[in-house]
Amino acid sequence: MTAYTYDLHIHSCLSPCGDNEMTPNNLVGMAAVMGLDIIAITDHNTCKNAPAVLKAAEEAGILAIPGMELCTAEEAHVVCLFETLEGAMDFDSYIYNSMPHIKNKAEIFGEQRILDGNDQLTGTLEDLLLVASFVGADEVKALCEQYGGTAFPAHVNRDSYSVIASLGSIPPEGGYTVAEVTRECDLEALTAQYPELKSMGIVRDSDSHYLDTLAESQALKIALPEKSAAAVLAAIRSGASGTML
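Definitions and limits used
Residues numbered from 1 in each chain as written. Predicted model: local features only at pLDDT ≥ 70, side-chain atom pairs only at ≥ 80, totals over all residues. Heavy atoms only, no water. Patch = residues over 30% accessible without salt bridge, like charges linked within 9 Å, V, L, I, M, F, W, Y side chains within 5 Å. Areas by Shrake-Rupley, 256 points an atom, 1.4 Å probe, with all protein chains shown as cover. Salt bridge = Lys/Arg side-chain N within 4 Å of Asp/Glu carboxyl O. Helix = DSSP H or I, 4+ residues; strand = E, 2+ residues; numbered from the N terminus. Phe/Tyr/Trp six-rings, centres within 6.5 Å; stacked < 30°, edge-to-face > 60°. Buried < 20%, exposed > 50% of the residue type's maximum accessible area, 1.4 Å probe, protein only. Core = buried A, V, L, I, M, F, W, Y, C linked by side-chain atoms within 4.5 Å. Contact = heavy atoms within 4.5 Å.

A.B. asks: So what's going on with a nonpolar patch on the surface? Which residues, and what values?
C.D. replies: On the surface, Ile108, Phe109 and Leu130 cluster together into a nonpolar patch covering about 270 Å² of accessible area. As for its position among the elements, Leu130 is in the loop between strand S6 (121–124) and helix H5 (140–146).

As structure tokens, then:
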């Protein structure tokens, strides 16, 4: 087993709340500067910048995992990760057909920029991504598995847009084996309040929407038999009790 530094929750400029400086090459470059071995691109309700991020990451020698931060029907955020780009893009198509289509107001919510591997603008998404999908929190993980992926509840210690904030606890019927907390979370206090977390693996991610927050990433590590998306997803599915750091 080898310990790899990771950040499994990063947004690009495709997320309307993501800074326009969060281009594929910029965010990968910052990840390289910070010594990250493994990253995941997880824009709100879309995977459409994953191809460009994976290309930039491959050139930089970083493993990038295609993913999405899905907003569930309960307005809880769940990180979805996929072993292959093809699986991620198929999931992207499914979610597009499983969410309301409301025109984005870029002047209010921000642009939703799709870039290529050279950070060139290829288009924008007209439908607002900051909406709740029609997928329930207890359905996400099983749905992701159909596309060769897996999922975990995002930033469960936050008072908004988390599974715990929306539902009061992590639904056992969701089958989640790992939960995410923010970097500054007092894990001991949180698990005392929500004992179900004691039996789950824990990841700490940056949820970066800006280069400066990505620059503050701590060198957290995950032990894997190899540096691959398959190994990361297997570790999440196994969900060993306690911390994965």
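A.B. asks: Talk me through the packing of aromatic side chains; I want residue IDs and the actual numbers.
C.D. replies: This model, assessed by the stated rule, comprises 3 aromatic pairs. Arranged with centres 4.8 Å apart and planes meeting at 45°, the rings of Phe82 and Phe91 form a pair that is tilted. In this structure Phe82 comes out as buried when scored by relative accessible area, which is 0%. Consider the rings of Tyr94 and Tyr147, whose centres lie 6.2 Å apart with planes at 55°: the pair is tilted. Of this pair, Tyr94 sits in helix H3 (residues 85–96) while Tyr147 sits in the loop between H5 and strand S7 (149–153); the two residues are 53 residues apart in sequence, bridging distant segments of the chain. Here Tyr147 falls in the partly exposed class, since its relative accessible area comes to 21%. Through a chain of ring-to-ring contacts, three or more aromatic side chains come together here, namely Phe82, Phe91, Tyr94 and Tyr147.

A.B. asks: Describe the pattern of salt bridges, and please don't skip the residues or the numbers.
C.D. replies: The tally for this structure, following the rule as stated, stands at 7 salt bridges. The shortest N-O distance in the salt bridge between Arg183 and Asp7 comes to 3.6 Å. You can see Arg183 sitting in the loop between strand S8 (178–182) and helix H7 (187–193) and its partner Asp7 sitting in strand S1 (residues 2–10), a full 176 residues away along the chain. For the pair shown, Arg183 and Asp7 are each scored as buried. Asp92 serves as the salt-bridge partner of Lys48, at 2.6 Å between the closest nitrogen and oxygen. Highlighted residues: Lys48 in the loop between strand S2 (38–44) and helix H2 (50–60) and Asp92 in helix H3, separated in sequence by 44 residues. Connected through salt bridges with shared partners, the residues Lys141, Glu145 and Arg237 form a single ionic network.

A.B. asks: So what's going on with the environment of Ala223? Which residues, and what values?
C.D. replies: Here Ala223 lies in strand S10 (residues 221–224). According to the relative accessible area criterion, Ala223 is partly exposed, its value standing at 43%. As for Ala223 and Ser199, which are separated by 24 residues in sequence, their C-alpha atoms are 18 Å apart.

A.B. asks: Provide a residue-level description of the nonpolar core, including the pertinent values.
C.D. replies: By size, the foremost hydrophobic cluster in this structure holds 52 residues, and its most contacted members are Leu27, Ile39, Phe91, Val140 and Ile170. Sort the elements by how many residues they give to this core and H2 lands first, with 5 residues. Residues within four places of Ile170 in sequence aside, it is in contact with Pro153, Val156, Val163, Ile164, Tyr176, Ala179, Glu196, Leu197 and Met200. Listed in part, the 22 residues of the second largest apolar core include Ile65, Val79, Val203 and Leu220.

Interpretation note: all reported values are geometric properties and have no functional meaning in isolation.
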